[in-house]
Amino acid sequence: MKKVILTGLVSVALSATLAEAKFFVGVEGEYGMSSIYTTPFASQGTVSWGNRGFDGGPGYPYYQEWGVGINIGTEHFFNNYVGFRWLFGIGYGQIFYPSWFLDYQQIALQLGVDGLFNIVNTGSFSLGLFAGLGFRTDFIAENFFVRLGSIHGNLLGRIGFTLGFGEHNRIDIGVGIPFMTVAISNNAFMHAPIRFNIGYKFLF
C-alpha cells in the first residue's frame, strides 16, 4: 500500500512539474577574457584545473573573445519561486590576442542545467538568480575553411541574475567560470576564459 501511495504522489508531482514546463528559444552575446599564461598547447586527454580570468599583467597579457549564439530548452517551476531549466546552445565567436596581432575563429556547443530562484514574482514581473553547471566544447581554428585547429571541453559554473517580463520574456545576465578544461584533440589549445554574457529567451 505504501508503494502505491508513494508511486501516486510521485506521479502527481511529475504531472504538476510537466504542466509548468515551458519551452524556450534564446539568443545570447558574450565577452570572455583570460591570461595568455594559461593557454599552452597540450596532448589529447590533458586536464587543466581552474582558470586565470583576471590574472593578466605585463608578463601575461590578456586575450579576449566575443561570441554570439542561440539556445533552446525548457524551464520548469515547482511553485512561483523555485524551478530549474536545461538548455542546449550553439555559438560562433572570435578570439583576439592584442599583443600578438592574432585572432582565431571559434564554434561552441554547450549543454547546461540551472536552478532558478525568484526573489520577487508579481506574476507580470520576476527578479531572481540562476546557478548551475555546464559543459562546453570549443572548436578553434585560424580558418575553418582551411583546417580544423584545436578542440577542448570546459566544465564550468554558471551564475547570474534573471528577469521575467510577462509570460513569455526572460532576460539573463550572468557569468560562466570554467573550473576544468580537457584537451579533446592533440595539441589542443587550453582555452578557459571567464565569460560574461547577456541573453534573451522567448518562452512558449
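None of the values given here were measured: they were computed from a predicted structure.

K.L.:
I'm lost on the overall build of the protein in this one. Help?
P.N.:
Counting secondary structure elements, the protein contains one helix and eleven strands. Walking the protein from its N terminus toward its C terminus, one meets helices and strands in the order α-β-β-β-β-β-β-β-β-β-β-β. In the protein, buried positions account for 40% of the 204 residues. By sequence separation, contacts in the protein at least 24 residues apart represent 67% of the contacts at least 6 residues apart. When the accessible surface of the protein is split by element, carbon and sulfur atoms take 71% of a total near 11,000 Å².

K.L.:
What's the story with the confidence of the model for the protein in this structure? I'm lost.
P.N.:
Per-residue confidence for the protein gives a mean pLDDT of 84, with 80% of residues at or over 70. The least confident element of the protein is helix H1 (residues 2-19), whose mean pLDDT is 50; the most confident is strand E11 (residues 194-203), at 96.

K.L.:
In this structure, what is going on with the side chain of Gln-110? I would like to understand it.
P.N.:
Considering the arrangement of structural elements, one finds Gln-110 in strand E6 (residues 102-121). By relative accessible area, Gln-110 is classed as buried at 13%. Residues in contact with Gln-110, not counting those within four places in the same chain, are Leu-87, Phe-88, Gly-89, Phe-135, Arg-136 and Arg-158.

K.L.:
Sorry, what's going on with the pattern of salt bridges here?
P.N.:
Once their charged atoms are close, side chains differing in charge can pair, the charge on each being opposite to the other. As enumerated under the stated definition, the model contains ten salt bridges in all. The salt bridge partner of Glu-30 is Arg-136, with a shortest N-O separation of 3.1 Å. Residue Glu-30 is located in strand E1 (residues 22-35), and its partner Arg-136 is located in strand E7 (residues 125-141); the two are separated by 106 residues in the primary sequence. With a relative accessible area of 13%, Glu-30 lands in the buried category. In this structure, Glu-75 and Arg-170 form a salt bridge, with 3.0 Å as the shortest nitrogen-oxygen distance. Of this pair, Glu-75 sits in strand E4 (residues 62-77) while Arg-170 sits in strand E9 (residues 169-183), and the two are 95 residues apart along the sequence. Judged on exposure class, the residue Glu-75 and its partner Arg-170 are both buried.

K.L.:
Sorry, what's going on with the environment of Asn-197 here?
P.N.:
Mapped onto the elements of the fold, Asn-197 is located in strand E11. Separated by 167 residues in sequence, Asn-197 and Glu-30 place their C-alpha atoms 4.1 Å apart. Ignoring sequence-local partners within four residues, the contact set of Asn-197 consists of Glu-28, Gly-29, Glu-30, Asp-172, Ile-173, Gly-174, Val-175 and Gly-176.

K.L.:
Can you help me understand the pairing of E11 in this one?
P.N.:
If a strand is regular, its side chains alternate between the two faces of the sheet. In this structure, E1 lies alongside E11, joined through ten bridges in antiparallel fashion. By the bridge assignment for E11, Glu-30 is matched with Asn-197. Pairing between E9 and E11: eight bridges, direction antiparallel. The residue of E11 that forms the bridge with Ile-171 is Tyr-200.

K.L.:
Got a minute to help me understand the packing of aromatic side chains in this structure?
P.N.:
Any aromatic ring pair is given by two values, namely how distant the centres are and how the planes are angled relative to each other. Enumeration according to the criterion identifies five aromatic pairs in this entry. Residues Phe-23 and Phe-204 carry aromatic rings whose centres are separated by 5.9 Å and whose planes lie at 35 degrees to one another, so their mutual orientation is tilted. Placement of the pair is Phe-23 in strand E1 and Phe-204 in the segment after E11, with a sequence separation of 181 residues. Judged by relative accessible area, Phe-204 falls into the exposed class, the value being 55%. Taking 6.3 Å as the distance between ring centres and 75 degrees as the angle between the ring planes, the aromatic pair formed by Trp-66 and Tyr-92 counts as edge-to-face. Taken together, the positions of Trp-66 in strand E4 and Tyr-92 in strand E5 (residues 82-97) put the pair 26 residues apart, joining distant regions of the chain. Taking the relative accessible area as the measure of exposure, Tyr-92 reaches 33% and is therefore partly exposed. Ring pairing ties together the aromatic residues Phe-23, Phe-202 and Phe-204, which thus form one cluster.

What counts, and where the lines are drawn
- Within each chain, residues carry numbers counting from 1 in the order of the written sequence.
- Local features in this predicted model are restricted to residues of pLDDT 70 or higher, and side-chain atom pairs are both shown and tallied only at a pLDDT of 80 or more, whereas totals for entire chains, interfaces and linings draw on every residue.
- As a rule here, side-chain values come from all non-hydrogen atoms in the structure, and water together with hydrogens is ignored.
- Strands are runs of DSSP state E lasting at least two residues, helices are runs of H or I lasting at least four, and both sets are numbered from the N terminus onward.
- Only protein chains enter the accessibility calculation, which uses a 1.4 Å probe; a residue is then buried when its area is under 20% of its type maximum, exposed when over 50%, and partly exposed in between.
- A contact between two residues is defined here by any heavy atoms of the two lying within 4.5 Å.
- For the area figures, the Shrake-Rupley method with a 1.4 Å probe applies, and any residue is considered shielded solely by the protein chains shown.
- The predictor's confidence in any single residue is recorded as pLDDT, a number from 0 to 100.
- In what follows, salt bridge is the name for a side-chain nitrogen of Lys or Arg lying within 4 Å of a carboxyl oxygen of Asp or Glu.
- Strands were regarded as paired on the criterion that DSSP finds at least two bridges between them.
- Each Phe, Tyr or Trp ring (for Trp, its six-membered ring) is paired with any other whose centre lies within 6.5 Å, and the angle between the two planes then decides the class: stacked below 30 degrees, edge-to-face above 60, tilted in between.

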